2 protein chains.
Amino acid sequence: MIRTPLCDLLGIEFPIFQGGMAWVSEARLAAAVSAAGGLGVISAMNAGADYVLEQVRLARTLTAKPFGVNIMLMSPSAAEVAQCVAEEKVAVVTTGAGNPAKYMKEWLAAGVKVIPLVASVAMARGMIRAGAAAVVAEGCESGGHIGELTTMALTPQVCDEARATNTPVLAAGGIGDGRGVAAAFMLGAQGVQLGTRFLVARECAVHQNYKNMVLKANDIATITTGKRLGHTVRSLKNAFSRKYFAAETSAAAISDEELENLAVGALRRAAVEGDEKNGCFLAGQIAGLVQKEQTAAEIIREIFAEAEELLNGAGRWVR
Amino acid sequence: MIRTPLCDLLGIEFPIFQGGMAWVSEARLAAAVSAAGGLGVISAMNAGADYVLEQVRLARTLTAKPFGVNIMLMSPSAAEVAQCVAEEKVAVVTTGAGNPAKYMKEWLAAGVKVIPLVASVAMARGMIRAGAAAVVAEGCESGGHIGELTTMALTPQVCDEARATNTPVLAAGGIGDGRGVAAAFMLGAQGVQLGTRFLVARECAVHQNYKNMVLKANDIATITTGKRLGHTVRSLKNAFSRKYFAAETSAAAISDEELENLAVGALRRAAVEGDEKNGCFLAGQIAGLVQKEQTAAEIIREIFAEAEELLNGAGRWVR
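Residues numbered from 1 in each chain as written. Chains lettered and ligands numbered in written order. Predicted model: local features only at pLDDT ≥ 70, side-chain atom pairs only at ≥ 80, totals over all residues. Heavy atoms only, no water.

Chemist: In this structure, what is going on with the sheet that holds strand β6 (residues 135–138) of chain B? I would like to understand it.
Modeler: Across a sheet, paired strands are connected by hydrogen bonds in the backbone, their directions being either parallel or antiparallel. Residues and elements named next belong to chain B. Across the sheet, eight strands lie side by side as β1-β9-β8-β6-β5-β4-β3-β2; this open sheet has parallel pairing. Looking at which strands have only one partner, the edges of the open sheet turn out to be β1 (16–18) and β2 (41–43). Taking the axes of each pair of neighbouring strands and ignoring which way they run, one obtains an average angle of 25° across the sheet. Here strand β5 (residues 113–118) runs beside β6; their pairing, made up of two bridges, is parallel. When the sheet's bridge partners are listed, L117 is paired in β6 with V136. (Pairing = 2+ DSSP bridges. Helix = DSSP H or I, 4+ residues; strand = E, 2+ residues; numbered from the N terminus. Axes fitted to C-alpha atoms, helices over the stretch in contact; angles between N-to-C directions.)

Have a look at this one:
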C-alpha cells in the first residue's frame, strides 16, 4: 500500500482527495470516496450555509470517516459557509477560486485542517504562513476554475517552497490514473486530487448525459473560457462553451454583464438537466483517459494498484 | 545509468534531447549536448539551407556523436532545409509548428530518423503512421510555440496511442530537473526534451541578458501571446510581450498584419542583442527552477543523477 505522512495527518488510507466540483461533489459522492479510504469533499459551490449543513450531516450518516468541504471563495455565501464548517468541526476545508486568509483563524481555532488550492508559489507561501495543513498545487489542465501554471511546472516549484516547513503538497490536474499518481510523487507531491475521474463514479449523482460526455471525450475535448472576466474555467467543448468563447473573444462589443449572464445556470443545466447543448460541463484535459464508470472504491483501488506497480518498478530503467 | 530503448535506437547515452530553439540552439550548443551523451539539436529556425548546412558541418567538426536538426515547418525555407538535411543524412530531424508529412518520404529514404513534436493524440497517430521513429509529446508549459494540452495530460494519452506500434514517446514541457524526468518516465515516456534549462548552458551563445532573465525568473514569469493569429508562443513577461498581449486582446482594432509586424525581429533582439525591453525571450514555465549556469555535460549529469535516485527510491512510499 502507498502511504505518506498525509495519510497519518488526516487519518485516511489512500493519499487521494476527490475534488470539490460545483453541482457534482455532493454528500453521497464524498461519503463514498471517504468510505473507500480517500478524502471525499463536498462542494459548497454558491449555496448557503443551510445546504452545506444538510450535506455535512447527510455525509455523516453515510460514513464515519473524515471528509472535507470545498469552499469557493468567490461565492456570495462564503462567509456564512466558512462559519458553518467551523461550527460543524468538519475535518478538512479545501478552498478554491480566491484567498481564504480571512477565515483561517476561525477554522484553525475549531480544529479544522485547511488545505487551500494554490496556483502559484506565492500563493502557496502565503497559505503556509497562514497555517495551511497542506496545499494542493493545482495545474491548469484541471476542470473548473484554473490558473496559468501546469501541474508539471507548478508541483516541484511549490514543493521547493513547502520544504522548509515540511508542509505536504498534493498535486491536482492532469491525473487520471496510476501513471499520474506516480508522476506526482516523483515531482515531490505526497498526495493527489482527482476530479474528472470521480465524475463518472457510480455514486456521483450528475446526469447520465454528463457522464457519457466525459466517457466519450478525447484529449482535445476541453476548452477554456472566462479569461476576459478574470475567472478562467475549463469545460468540455459544446454549443454552450463555443458560444461563450466566441462572445468573449469577438470584436463585437458585448458587455461584461451580458457575458456573465450567458453563464448563469449553466453548471446546473449540465449536472442536473444533462442539457448537452446549453450546459457548462466542467472537465479536465484528462477526460480522454476516463473510459468507464466504476464505484469510488474501484476507482481508488485501481489507481493505487497501478501507481504501486509503477513506483515499485521505477528502477527498471536504471542499469 | 538510466537507459531506454530510445538510447539504442539513436545511439545516445542519456535519453534526453535539447530542444530546437530559434536563435538559441546553434551548432555549438547542440554539439556540446551530443558530446555529453544527449541528443543536441540545431534549430533551422527561419533560415535557409545555406545556414543549416554551415551549422551541420560546424557541429560535425565539434563532435562525432549523432545530433539533430529542428525544422520549424512554418518557415518559408522549410522545403529547402528539408532537402538539405536529407542530403546531409543528419541523424535525426525533429519538427515543430506544423505537419511534416510531405517531407517524410524523402527523409526516411535518406535514413534520417524523424521525431515530430506532437500536441495531440491525433497528431501522434498521423506521425506514427507516416513513419516517425519516435514522437515528442510537448506540453503547453514549454517555451516557444505551444499547443493546448499540458505534459501531464498529453503524455499518457500519446503513450496509449503509441503502444500498439511500440513507438517511443519523449515528454517535453515543464521538465527542469530530475523530478520532471522521473515524472515523465512514470507517465510512460522513454525520454525527455528540455529547452529552458539548456538556455543557460555555458555553451549556449545567447546574450548574457537572456540567461540572466531566465535565472531570475520565478514560476509566474511567462506569458502566452499570439493566440489570435493561431500561433501561440510562451515567453518571459517583459515590455515587449506585455505590449503584444495588450495589442492582440484590446478592443481597439489592430490588423493581423500590424500584429505580425510587432513581432518581426523580436527573437533576434532577445538572443543576439539581449534587448530586455524589446526582445521576445522564449522560455518555459519551468524557468523558475533554473538556478545556475552550467556546462551541458553538468546539466545532463546532474539531472540524470537526480532522476536515478528518485526512480530507484520510488518504492519507498509503498509499504
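Chemist: Looking at this structure, how should I read the relation of the copies chain A and chain B?
Modeler: The operation relating the pair of chain copies consists of a rotation about an axis and a translation along that axis. With an RMSD of 0.0 Å, the fit of chain A onto chain B corresponds to turning through 180° and sliding 0.0 Å along the axis. Expressed as a symmetry operation, the mapping of one chain copy onto the other fits a two-fold axis. Nearest to the rotation axis, the C-alpha of A183 of chain A is located 2.0 Å from it, this being the minimum over chain A. Most of the interface of chain A is mirrored in chain B: 100% of its interface residues are interface residues there too. (Least-squares fit on C-alpha atoms with pLDDT ≥ 70 in both. Contact = heavy atoms within 4.5 Å.)

Chemist: Looking at this structure, I do not really get the packing of aromatic side chains. What am I missing?
Modeler: Two measures describe an aromatic ring pair: the distance that separates the ring centres and the angle between the ring planes. All names here are of chain A. The full count for this structure, using the stated rule, is ten aromatic pairs over all chains. Relative to F304, the ring of F14 lies with its centre 5.2 Å away and its plane at 40°, an arrangement referred to as tilted. With F14 in the loop between α1 (5–10) and β1 (16–18) and F304 in helix α14 (residues 296–312), the pair connects residues that are 290 residues apart, well separated along the chain. In this structure F14 comes out as buried when scored by relative accessible area, which is 9%. Its relative accessible area of 2% is what places F304 among the buried residues. (Phe/Tyr/Trp six-rings, centres within 6.5 Å; stacked < 30°, edge-to-face > 60°. Buried < 20%, exposed > 50% of the residue type's maximum accessible area, 1.4 Å probe, protein only.)

Chemist: How do you make sense of the interface of chain A and chain B when you look at a structure like this?
Modeler: Interface size, as often reported, equals the accessible area lost upon joining of the parts. Each side of the interface is counted separately: chain A has 48 residues, and chain B has 48 residues. Of the roughly 4,100 Å² buried at the junction of chain A and chain B (both faces included), carbon and sulfur atoms supply 61%. Its largest share of buried area at the contact with chain B, chain A owes to M152, M186 and W317 of chain A, together 20% of the area lost on that side. Viewed at the interface, chain B and chain A are joined by two salt bridges. Across the salt bridge formed by R179 of chain B and D160 of chain A, the nearest N and O atoms sit 2.9 Å from each other. Inspection of the region where chain A meets chain B yields 16 residue pairs in polar contact (both at pLDDT 80 or more). Grouping the amino acids of the side of chain A that touches chain B by side-chain chemistry returns 25 nonpolar, 14 polar and nine charged. (Buried area = accessible area lost by both parts, 1.4 Å probe. Salt bridge = Lys/Arg side-chain N within 4 Å of Asp/Glu carboxyl O. Polar contact = N/O pair within 3.5 Å; in protein donor to acceptor, adjacent residues only side chain to side chain. Nonpolar A, V, L, I, M, F, W, Y, C, P; charged D, E, K, R; others polar.)

Chemist: Looking at this structure, how should I read the sheet that holds strand β4 (residues 92–96) of chain A?
Modeler: All names here are of chain A. Strand order in the open sheet formed by eight strands is β1-β9-β8-β6-β5-β4-β3-β2, with parallel pairing between adjacent strands. In the strand order of this sheet, the two ends are held by β1 and β2 (40–43), each with one partner. Each strand axis lies, on average, 25° off the axis of its neighbour in the sheet, ignoring direction. Bridge count for strand β6 (residues 135–138) against strand β8 (residues 169–172) is four bridges, and the pairing is parallel. Bridged to E138 within β8 is A172. Here helix α4 (residues 78–87) sits on the sheet and contacts β3 (67–72) and β4; the angle it forms with β3, its principal contact strand, is near 165°.

Chemist: Would you mind going over the packing of helix α3 (residues 49–62) of chain B against helix α4 (residues 78–87) of chain B with me for this structure?
Modeler: Helix-helix packing: each pair is described by the crossing angle between the helix axes and the interaxial distance. Residues and elements named next belong to chain B. Orientation of α3 relative to α4, taken along the N-to-C sense of each, is 30°, at an axis distance of 9 Å. With respect to their mutual orientation, α3 and α4 come out roughly parallel. In the packing of α3 onto α4, the handedness of the crossing is right-handed. Within the contact between the two elements, α3 uses A49, V52 and L53 and α4 uses E80, V81, C84 and V85. Among the residues making up the contact of α3 with α4, the classes are represented as six nonpolar, no polar and one charged. (Parallel < 35°, antiparallel > 145°, perpendicular 65-115°, else oblique. Left-handed = near helix turned anticlockwise from the far one by under 90°.)

Chemist: Would you take a moment to explain the environment of L282 of chain A for this structure?
Modeler: Residue and element names in this part refer to chain A. Turning to its location among the elements, L282 is positioned in the loop between α13 (266–271) and α14. Sequence separation of L282 and Q208 is 74 residues, and the distance between their C-alpha atoms is 14 Å. When residues no more than four places from it in sequence are discounted, the contact partners of L282 are G144, L199, Y210, V233, R234, S235 and L267.

Chemist: Just to check I follow, could you spell out the environment of G96 of chain A for this structure?
Modeler: Residue and element names in this part refer to chain A. With respect to the helices, strands and loops of the structure, G96 is situated in strand β4. Here G96 falls in the buried class, since its relative accessible area comes to 10%. Along the backbone, G96 and C7 are 89 residues apart, and their C-alpha atoms lie at a distance of 22 Å. Ignoring anything within four residues of it in the chain, the contact list for G96 reads N70, I71, M72, L73 and L117.

Chemist: What should I look at first to understand the nonpolar core in this one?
Modeler: One recurring pattern in soluble globular proteins is that nonpolar side chains are buried together. Y210 and L311 of chain A together with Y210 and L311 of chain B are the most contacted members of the largest nonpolar core, which totals 118 residues. With residues near it in sequence (within four places) discarded, Y210 of chain A still touches V24, L199, A270, A271, F281 and L282 of chain A. V69, M104, I128 and V169 of chain B belong to the second largest nonpolar core, which has 47 residues in total. (Core = buried A, V, L, I, M, F, W, Y, C linked by side-chain atoms within 4.5 Å.)

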